[in-house]
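Listed below, chain by chain, are the residues.
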Amino acid sequence: MKTLVGRRTRLLAATTATAALVLVAAGCSSSDSGSGKTTVKGVHLVKGGQLTTCTHLPYPPFQSEVNGNVQGFDVSLIDLVAKDLGVKQQILDTPFENFKTGAFLNSGECDLAAAGMTITAERKKNVDFSDPYFEATQAVLVDKNSGINSLADVKAKGKKLGAQAQTTGEDYVKSKGYDPISFESSDAVLNGLRTGQVQAVVIDFPVVQGWLKDKANADKFKVVDNLKTGEQYGFTVKKGNKPLLDAINKAIRTAKADGTYKKIYEQWIGPYDASVASPAAS
């Protein structure tokens, strides 16, 4: 995902069940005098009464804005963390570059980041990742009339390939000798394919699944390759923020054990795939 120069951050409400929840059990929370910050069940929050989540929009089905509200797979999972803490979730839309550096976590603007973000050794230098909660493959989506039947065909037939900037999908095809056209968001990637700027795109398969739910897209485009790159998604917190990391991991484990994760998966992703939903720890 490409950094948007000069882009203003926006605080958006999450469309979740915890939207009406407030701090509960006074014995479990305390406010830092004069700062508005709160400690709830041992977890320090940057703003009292809420769990502030940084994301980068749009990236359906993980997070997207609909009528001013943000919803999606990641949103619903972090909503479970907020519910356990007895607070509401608020979402801050920020440039993706900050996720890799941990800038908004370090500055105290967000408690955590959730953006369908792949766990990598490089990113671990700047942030702490939760347990992996999703395994993603990279899909190659093409126009049905392009004559492309594989990723290799893109190069062999001299076609143009698109990818979302600063993503692992873009990194992967570059490592294979491709020179993709970069787009700043997933919506821009799809628009590039629609308008003929490119004849094929590589992007996370769950994103493609969401696109193909639209009949107009399904009629025009098809998946010709699914590249298993071993990518695992994780949520991130500021380096050393173990209490919040523990709360996130606990919520993920509980959701997988009691069936909540499966329901959320089916709501936002599609038919449940246990191998994708429960990746081994990286």
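Residues numbered from 1 in each chain as written. Predicted model: local features only at pLDDT ≥ 70, side-chain atom pairs only at ≥ 80, totals over all residues. Heavy atoms only, no water.

> Pulling in residues and values, what's your account of the packing of aromatic side chains?
To describe a pair of aromatic rings, one takes the distance between the centres and the angle between the planes. A full pass over the atoms with the stated rule returns 14 aromatic pairs. Judged by centre distance (6.2 Å) and plane angle (55°), the rings of Y133 and Y233 are tilted. Remark: Y233 occurs in strand 15 (residues 221–233) and Y133 occurs in the loop between strand 10 (127–129) and strand 11 (134–143); sequence separation between them is 100 residues. Geometrically, the ring pair formed by Y133 and F235 is stacked, given 4.0 Å between the ring centres and 5° between the ring planes. In this pair, Y133 sits in the loop between strand 10 and strand 11 while F235 sits in the loop between strand 15 and strand 16 (236–238), placing the two residues 102 residues apart along the sequence. Since its relative accessible area comes to 0%, Y133 is described here as buried. Taking relative accessible area as the criterion, F235 reaches 0% and is therefore assigned buried. Taken together, the ring pairs in this structure connect Y59, F62, F73, Y133, F134, Y233, F235, Y261, Y265 and Y272 into an aromatic cluster. Taking the ring centre of Y178 as reference, the NZ or CZ of K155 above it sits at 4.3 Å. (Phe/Tyr/Trp six-rings, centres within 6.5 Å; stacked < 30°, edge-to-face > 60°. Helix = DSSP H or I, 4+ residues; strand = E, 2+ residues; numbered from the N terminus. Buried < 20%, exposed > 50% of the residue type's maximum accessible area, 1.4 Å probe, protein only. Lys NZ or Arg CZ within 6 Å of the ring centre and 35° of its normal.)

> Describe the state of the cysteines, with residues and values.
If you walk through the whole model with that rule in mind, you get 1 disulfide. Two residues share a disulfide in this structure: C54 and C110, whose sulfurs sit 2.0 Å from each other. Residues C54 and C110 are joined through a disulfide that is right-handed, its torsion about the S-S bond being 65°. With a gap of 56 residues between them, C54 in strand 5 (residues 50–55) and C110 in the loop between helix 3 (103–106) and strand 9 (112–113) connect regions that are remote in the sequence. (Disulfide = S-S within 2.5 Å.)

> Which residues make up the side chain of R123, and what are the values?
Locating R123 in the fold gives a position in helix 4 (residues 121–124). Aside from chain neighbours lying at most four places away, what touches R123 is F96, K100, M117, T118, F129, Q166 and T168. (Contact = heavy atoms within 4.5 Å.)

> I'd like a rundown of the sheet that holds strand 12 (residues 161–164), residues and numbers included.
The 5 strands lie next to each other as 13-12-14-11-15, forming an open sheet whose pairing is mixed. Looking at strand neighbours, the two that pair on one side only are strand 13 (181–183) and strand 15, the edges of this open sheet. Along the sheet, successive strands turn relative to each other by an average axial angle of 25°, direction set aside. Where strand 12 lies against strand 13, 3 bridges are found, and the strand directions are parallel. When the sheet's bridge partners are listed, A163 is paired in strand 13 with S182. Of the strands in this sheet, strand 11, strand 12, strand 13, strand 14 (200–204) and strand 15 are in contact with helix 7 (residues 186–194), which crosses strand 14 at around 160°. (Pairing = 2+ DSSP bridges. Axes fitted to C-alpha atoms, helices over the stretch in contact; angles between N-to-C directions.)

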